[in-house]
Amino acid sequence: GFANRMLVLDRLGAAIERAQRPGVFDCSLVLLRVAPERVPAAGAAIDEGAQTEVRRELARRIDHALVGGDTAARLSRDEFAVIVDDIGPGGDAMRVAELLAHVRTDLGAALLVGLLPSIQRFHDPDEALRAAGIALLRDQTDVELIRSASPPPSRRPATSHGVTRGRVSDPL
């Protein structure tokens, strides 16, 4: 099973201490949240069964993607944390990218991600977890900005082939 919040904070604290020592140790912290409003649902109502299945599948995929030393935790009903352990100085973008690719396959639209590529600048596990939470909220805000910049599906102009023209500009 997955670690709880207390255990992940303990392991994150130990990782932060190791990252402060001279050497080549570092970790990444990934927060994943199931966004209930983005889970495909039957009809207009949000389907609790579909949300539960997305949570279960996410947990299975996280567990499958872990490498020795990594720690996964369920922080709340919809939120998971993964400490990607011993990635070297500055982070290993490939390990994190592989983890995200593995968990996002077919679930991508239902997930929000907060990522700290490196924990070296942090001195406290709560501070690191808070920073990852802020990154996750930025992901949610970016998605909402893009969605609000798009016209509703029924009002989108179509070409003669039924393909919408135009693009959503970068909201930032």
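Summary of the structure given here. (Residues numbered from 1 in each chain as written. Predicted model: local features only at pLDDT ≥ 70, side-chain atom pairs only at ≥ 80, totals over all residues. Heavy atoms only, no water.)

**Notes on the environment of alanine 72**
On the secondary structure map, alanine 72 appears in strand 2 (residues 71-74). Alanine 72 sits in the buried class, given a relative accessible area of 6%. With 70 residues separating them along the chain, alanine 72 and phenylalanine 2 place their C-alpha atoms 5.7 Å apart. Those residues within four positions of alanine 72 in sequence are excluded, and the remaining contacts are Phe2, Ala3, Ile62, Leu66, Ala81 and Val82. (Helix = DSSP H or I, 4+ residues; strand = E, 2+ residues; numbered from the N terminus. Buried < 20%, exposed > 50% of the residue type's maximum accessible area, 1.4 Å probe, protein only. Contact = heavy atoms within 4.5 Å.)

**Thoughts on the packing of aromatic side chains**
This structure, assessed with the given rule, holds one aromatic pair. Centroid distance phenylalanine 2 to phenylalanine 80: 6.0 Å. Interplanar angle 85 degrees. Geometry classified as edge-to-face. Remark: phenylalanine 80 occurs in strand 3 (residues 79-84) and phenylalanine 2 occurs in the segment before helix 1 (5-20); sequence separation between them is 78 residues. Overall, phenylalanine 2 belongs to the partly exposed group, its relative accessible area being 26%. Residue phenylalanine 80 is classed as buried on the basis of its relative accessible area of 1%. (Phe/Tyr/Trp six-rings, centres within 6.5 Å; stacked < 30°, edge-to-face > 60°.)

**Points about the sheet that holds strand 4 (residues 111-116)**
Strand pairs in the sheet, formed through backbone hydrogen bonds, run parallel or antiparallel to each other. Spatial strand order, 2-3-1-4: four strands in an open sheet with antiparallel pairing. With partners counted over all chains shown, the strands left at the sheet margins are strand 2 and strand 4, one partner each. Strand-to-strand twist in this sheet, taken as the mean axis angle between neighbours without regard to direction, amounts to 15 degrees. Helix-sheet contacts for helix 3 (residues 93-104) involve strand 1 (28-34), strand 3 and strand 4, and the interaxial angle to strand 1 is about 15 degrees. (Pairing = 2+ DSSP bridges. Axes fitted to C-alpha atoms, helices over the stretch in contact; angles between N-to-C directions.)

**Some details on the side chain of threonine 71**
Mapped onto the elements, threonine 71 comes out in strand 2. Taking the relative accessible area as the measure of exposure, threonine 71 reaches 6% and is therefore buried. Side-chain polar atoms of threonine 71 contact the side chain of arginine 11, separated by 3.3 Å. Those residues within four positions of threonine 71 in sequence are excluded, and the remaining contacts are Ala3, Val8, Arg11, Ala81, Val82 and Ile83. (Polar contact = N/O pair within 3.5 Å; in protein donor to acceptor, adjacent residues only side chain to side chain.)

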